[in-house]
Amino acid sequence: MTDTAAAINDIFTRMPGRLDPQAAAGLDAVIQFDLSGEGGGVWHCAIKDGACTVSEGAHAAPSMTMTMEAADYVGLTSGELDGTVAFMSGKLRIDGDMGLAMRMQSLFRLG
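Residues numbered from 1 in each chain as written. Predicted model: local features only at pLDDT ≥ 70, side-chain atom pairs only at ≥ 80, totals over all residues. Heavy atoms only, no water.

Attention now goes to the side chain of Gln-32. Residue position: Gln-32 is located in strand β1 (residues 28–36). Residue Gln-32 is classed as buried on the basis of its relative accessible area, which comes to 7%. Engagement of the side chain of Gln-32 in a polar contact is seen with the backbone nitrogen of His-59, the distance being 2.8 Å. In this view, Gln-32 contacts Val-42, Trp-43, His-44, Ala-58, His-59, Pro-62, Met-64, Thr-65 and Met-66; residues no more than four positions away in its chain are not counted. (Helix = DSSP H or I, 4+ residues; strand = E, 2+ residues; numbered from the N terminus. Buried < 20%, exposed > 50% of the residue type's maximum accessible area, 1.4 Å probe, protein only. Polar contact = N/O pair within 3.5 Å; in protein donor to acceptor, adjacent residues only side chain to side chain. Contact = heavy atoms within 4.5 Å.)

Looking now at the environment of Asp-28. Note that Asp-28 resides in strand β1. Judged by its relative accessible area of 55%, Asp-28 falls in the exposed class. Considering only alpha carbons, one finds Asp-28 and Lys-91, 63 residues apart in sequence, at a separation of 27 Å. Apart from residues lying up to four places away in sequence, Asp-28 is in contact with Ile-47 and Lys-48.

Let's shift gears to helix α1 (residues 3–18). Compared with the 22 Å implied by 1.5 Å per residue over 16 residues, the 21 Å span of α1 between its first and last C-alpha is a close match. A maximum bend of about 30° is found in α1 at Phe-12, where proline Pro-16 lies one to four positions downstream. Within α1, the full set of buried residues consists of Thr-4, Ala-5, Ile-8, Ile-11, Phe-12, Met-15 and Arg-18. On the buried face of α1, the contacting elements are β1, β2 (41–48), β3 (51–56), α2 (70–78) and α4 (98–107). (Expected span 1.5 Å × (residues − 1). Bend = angle between axes of the 7 residues up to and from the residue.)

Structure (structure tokens):
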């Protein structure tokens, strides 16, 4: 397994524990992650009742889809890459609920 693939696996394994239940209160949404390049793949995170579950593969009707290079996603989740900068520079594409995209930093703690 490559370093990027290992990092991606770790990110999605730890994602449920990084969700801030207070920030997610009342939210019922599915976020899909389409990651390309080395270590990439497709995952989705379902957030409901202040908890989240992560599954590998595409969701039939995600609320929002984030598309980016896997290595850039590792940088985004570690805080090395700013989400706004990534979006404005074209490294991050958002389809669907833009308001949900704006809440991502408050929903998930870095780490």
